[in-house]
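Given next are the chains, with one letter for each unit.
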Amino acid sequence: MEASKKAITQRIQNIVNDENLNTLIPEIINCFNEFSLSRNEFLVKKGEACRYFCFVESGILQYAVTVSGQEKTTYLALRNGFASSLKSFLQQTPSPKNIKALSACKLWVLKIDDFKHLMKNNKAFHQFYYNFIENQIFLIDDYRIDLLTLTPEERYKKLLVNEPKLLQEVPLHYLASFLGISTRHMSRIRKNIK
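The model shown is predicted, which means the values in this text are computed figures rather than measured ones.

Participant: How should the packing of helix H4 (residues 112-121) against helix H5 (residues 123-149) be read in this particular structure?
Facilitator: The packing of two helices is summarised by the inter-axis angle and the distance between the axes. Where H4 contacts H5, the axes come no closer than 6 Å and their chain directions differ by 105°. Classed by the angle they form, the pair H4 and H5 counts as roughly perpendicular. The residues of H5 that touch H4, namely those facing Phe-115, Leu-118, Met-119 and Asn-121, are Lys-123, Phe-125, His-126 and Tyr-129. Residues that form the contact of H4 with H5 fall into these classes: five nonpolar, two polar and one charged.

Have a look at this one:
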């Protein structure tokens, strides 16, 4: 448990990036509770309100929507990442997506009341959240531009450089969906690029 809290502490400190706020981080860590998901278990199902904002200590969470009867992966949350259906969580409204465990997951979760309390009363958490959201916006913007400007082969090469652990940890069909290509095309790309 102490090793887990140390991992969350380090991750939050890295995101806050202000040593003057480090004394406020223990309060944040104490609000997180341990939570586990088995493989294929849902953190949230489409249509339900998301109950948690979580830190992924181990495992992989898949964000997915269904389009024309097919599941499309929109995001993959890995170890040392944070995950939530954020609008659903903050507004306690139905989630537009599923978030499920692709492997057994050990998570550390914040409930909405604790989240709101920290946002209002803890400057380090407020800074963490601001920096976290800013970084997510940058990632989403890059991803959208890549979908419009890069070929599938170029998107795969970029993934090889920037996220090599995804290729080792995530099954091929989820990666193909995430890159916006068919599994068959993804297999051809992988054969041609070594």
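Participant: What am I meant to see in the sheet that holds strand S1 (residues 33-37) here?
Facilitator: Whenever strands of a sheet pair, they do so through backbone hydrogen bonds, lying parallel or antiparallel. The strand order across the open sheet formed by four strands is S1-S8-S3-S6, and the pairing between neighbours is antiparallel. This sheet does not close on itself; its edge strands, each paired only once, are S1 and strand S6 (82-83). Pairing geometry for strand S3 (residues 53-58) and S6, over two bridges, is antiparallel. Across the sheet, residue Phe-55 finds its bridge partner in S6, namely Phe-82.

Participant: Can you walk me through the sheet that holds strand S4 (residues 61-67) in this structure?
Facilitator: Reading across from one edge, S2-S7-S4-S5 is the order of the four strands in this open sheet, with antiparallel pairing throughout. Only two strands of the sheet have a single partner each, and these edge strands are strand S2 (42-44) and strand S5 (70-77). Each strand axis lies, on average, 35° off the axis of its neighbour in the sheet, ignoring direction. Sheet analysis places S4 next to S5, joined by seven bridges and oriented antiparallel. Counted as the bridge partner of Tyr-63 is Tyr-75 from S5. Packed onto the sheet, helix H8 (residues 172-179) meets S4, S5 and strand S7 (98-101) and runs at close to 90° relative to S5.

Participant: So what exactly am I meant to see when it comes to the packing of aromatic side chains here?
Facilitator: How two aromatic rings sit relative to each other is set out by the distance from centre to centre and by the angle between their planes. Throughout the structure, instances matching the rule amount to 16 aromatic pairs. Centre to centre, the rings of Phe-35 and Tyr-52 are 4.8 Å apart; their planes meet at 50°, and the pair counts as tilted. Of this pair, Phe-35 sits in strand S1 while Tyr-52 is found in the loop between S2 and S3, placing the two residues 17 residues apart along the sequence. Since its relative accessible area comes to 24%, Phe-35 is described here as partly exposed. Consider the rings of Tyr-143 and Phe-178, whose centres lie 5.2 Å apart with planes at 20°: the pair is stacked. Placement of Tyr-143 in helix H5 and of Phe-178 in helix H8 is noted, with a sequence separation of 35 residues between them. Here a set of aromatic residues connected by ring pairs shows up, and it is made of Phe-53, Phe-55, Phe-82, Phe-89, Phe-115, Phe-125, Phe-128, Tyr-129 and Phe-132.

Reading the values: the criteria
Residues numbered from 1 in each chain as written. Predicted model: local features only at pLDDT ≥ 70, side-chain atom pairs only at ≥ 80, totals over all residues. Heavy atoms only, no water. Axes fitted to C-alpha atoms, helices over the stretch in contact; angles between N-to-C directions. Helix = DSSP H or I, 4+ residues; strand = E, 2+ residues; numbered from the N terminus. Parallel < 35°, antiparallel > 145°, perpendicular 65-115°, else oblique. Contact = heavy atoms within 4.5 Å. Nonpolar A, V, L, I, M, F, W, Y, C, P; charged D, E, K, R; others polar. Pairing = 2+ DSSP bridges. Phe/Tyr/Trp six-rings, centres within 6.5 Å; stacked < 30°, edge-to-face > 60°. Buried < 20%, exposed > 50% of the residue type's maximum accessible area, 1.4 Å probe, protein only.

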